[in-house]
Amino acid sequence: MNEFVYSFQLKNVYRTNSFLYYLKRFPLIKRLIPNDIYAKKGLKTFAKCLAFLYEFATLFIWKLLYLFLIFTIPSMMMETSVDLAASFHLFFFMTLIGGLLNTSLLNPTKDKYYAICLMRMDAKKIALSEFLYFQLKNLAGMGIAAFLIQLFIPLDFISCLSLSLLVVACKFIIAGLLLKKSQKKVYNENKGDILKLVLCLIFLGAAFVPFFFSMYMSMQIYYILCGIMLVVSLAAVAYLYKFEGYASIYKELLKPDNIVFDLAQVQKQGNKVFTEKIEYEHITTSKKGYAYLNQIFVQRHKRLLTKTANRIALGSLAVIVFLLLAVILVEPVRIGINTYLISFLPYSLFLMYLINRGESTTKAMFINCDNAMLHYRFYRQPSAILGMFKERLQSLILINLRPAAVIALGLTLLLVVSGGSTNVFDYVILPVTIICLSIFFSVHYLALYYLLQPYNSEVEMKNPLYTVITAFTYFVCYAFMQRIDSHYFGIWVIGLTIAYIIIALILTYRIASKSFRLK
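Residues numbered from 1 in each chain as written. Predicted model: local features only at pLDDT ≥ 70, side-chain atom pairs only at ≥ 80, totals over all residues. Heavy atoms only, no water.

A.B. asks: What is the right way to read the overall build of the protein chain from this model?
C.D. replies: Counting its regular elements, the protein chain contains 20 helices and 0 strands. Classification of the 519 residues of the protein chain by burial places 47% in the buried group. For the protein chain, the share of sequence-separated contacts (at least 6 apart) that also reach a separation of at least 24 residues comes to 82%. A total of about 26800 Å² of accessible surface is found on the protein chain, and carbon and sulfur atoms cover 68% of it. (Helix = DSSP H or I, 4+ residues; strand = E, 2+ residues; numbered from the N terminus. Buried < 20%, exposed > 50% of the residue type's maximum accessible area, 1.4 Å probe, protein only. Contact = heavy atoms within 4.5 Å. Areas by Shrake-Rupley, 256 points an atom, 1.4 Å probe, with all protein chains shown as cover.)

Here it is, written out as structure tokens:
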């Protein structure tokens, strides 16, 4: 029990200090916060309260959003009112994927390192206490989320209870299997594993592919599988409790190289990628001024800037070819895809947000160009900033158009092959909206970079407002994953993209000279 309390106290200290750190750096209030903030008992108490509220809120908020998505996706994909069994089918396989991706037992974290390696606490007690805390959070969080979701969706008590128990049972089973596997070779949850990837892809296919054929497991089968999982999880609990090899496993797992001690360490490791891919070669171009400077940057970093975009384009092409074959060979798939494509546009907002390379490109700009150039006064002048902004915007748009063009043309071709549309406007609005969304996010990330400039000279993220806005962008994109008329959505996106470009240019010229500087 003492280990459980110590573990909780360590986590609370981390969260409290993190809140104080970000409070001191938040743009609107940082000047009001004293430099000796960590010595102020009142502020520390306030931060502890915020940490507690954060812990309580995150206990169920993310799970509530997750369940909302689980209970809306089947009707989105099948475009008909579907039985709740379809959502439980999806939940079952997504729970298996979640169990594979995160059990927390073999996750090397700072608090485990401090407790086991530095404070010499018992490895088994710390491991099991943290794992139990993680499972109790899952049980309580999913329980609260299920209770709230049943206020809007007709779920009985057994169904709600199964949501919590299945998640916990799955975590226990997979944790036991991974612990047994670690007796031969220590398994690190943070590192890639080909078997885990293959299993995730199989479960992902089992979760979604049946919807194209209007098929899913019945509630009876779901309950039987839940019962089996619960019985097996009891054996897993006994194995975890009786296992005595935690000390040797954690000795290997908690090596300093496996642990991320702070955000700066992650950023510095990631920044190596941005410098290793520079191509120092002679460049010939007829461009001059800022266009020439941008051309040098693009040419020297063309592998870094285009490699991921090219891979996404090729992956998108492969998916489209697969869907074309499915449409031609399987009649139910043809009908399902044709119906889905006509209402696809609102969901494309989230897709284009995910594949846009704006954030990584602006980071490369800072590391290999702006970090040095911002020391010069002329580079911070409004005319210079606007000149570079326009040149970079063109380059960023061209990079992101590679996958966007493949997706836009591929979806239009799928629409034609699957039976077409009675509305000719669909053939125009579908590809144009995809292209405009790609341009919109290119403008969005570049404008944020110039107006907020989130990095310091050590390339550490030091602007919380930038993080808040990027997170808000994610939620806005997610919110549009609902049934909205595709034609109105497409027109809205086209108009917003044009307006956003104009607004971004004006703000960059007027404001960026004050904000675009070294922190």
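That shown, we press on.
A.B. asks: Sorry, what's going on with the packing of helix α6 (residues 123–149) against helix α10 (residues 246–253) here?
C.D. replies: Packed helix pairs are characterised by how far apart their axes lie and by the angle those axes make with each other. Axis separation between α6 and α10 bottoms out at 8 Å; the angle between their running directions is 80°. The angle between α6 and α10 places the two elements in the roughly perpendicular class. Contact residues: α6 offers A123, K124, A127 and L128, while α10 offers Y246, A247 and Y250. Tallied by class, residues from the contact of α6 with α10 come to 6 nonpolar, no polar and 1 charged. (Axes fitted to C-alpha atoms, helices over the stretch in contact; angles between N-to-C directions. Parallel < 35°, antiparallel > 145°, perpendicular 65-115°, else oblique. Nonpolar A, V, L, I, M, F, W, Y, C, P; charged D, E, K, R; others polar.)

A.B. asks: What am I meant to see in the environment of F93 here?
C.D. replies: One can find F93 in helix α4 (residues 84–101). With residues up to four places along the chain from it excluded, the contact list for F93 reads F203, A206, A207 and M217.

A.B. asks: Is there a simple way to explain the side chain of S348 in this structure?
C.D. replies: Its place among the elements puts S348 in helix α15 (residues 345–355). What S348 contacts, discounting residues up to four positions off in sequence, is I434, L437 and F489.

A.B. asks: Any chance you could explain empty space enclosed by the protein here in plain terms?
C.D. replies: The method is simple in principle: a probe with the dimensions of a water molecule rolls over the atoms, and the space it marks as empty is what remains. Applying the stated criterion to the full structure yields 3 cavities of 30 Å³ or more. Put simply, the largest cavity is a space of about 50 Å³. Every residue along the wall of the largest cavity is listed here: L341, I342, L345, L415, D426, I429, L430 and S486. Going through the elements one at a time, α14 (331–342) and α18 (426–452) are the ones with two or more residues in the lining of the largest cavity. (1 Å grid on protein atoms, 1.4 Å probe; cavity = no way out; pocket = protein on both sides within 12 Å on 5 of 7 lines; lining within 4 Å. Points joined across faces, edges and corners; volume = space filled by probe spheres on them.)

A.B. asks: Looking at this model, I keep getting lost on the environment of F425. Mind explaining?
C.D. replies: Structurally, the position occupied by F425 is in the loop between α17 (382–417) and α18. Accessibility expressed as a relative area gives 35% for F425, which makes it partly exposed. F425 sits 62 residues away from H487 along the chain, and the two C-alpha atoms are 8.2 Å apart. Here F425 is in contact with H487 and I491, once residues within four sequence places are set aside.

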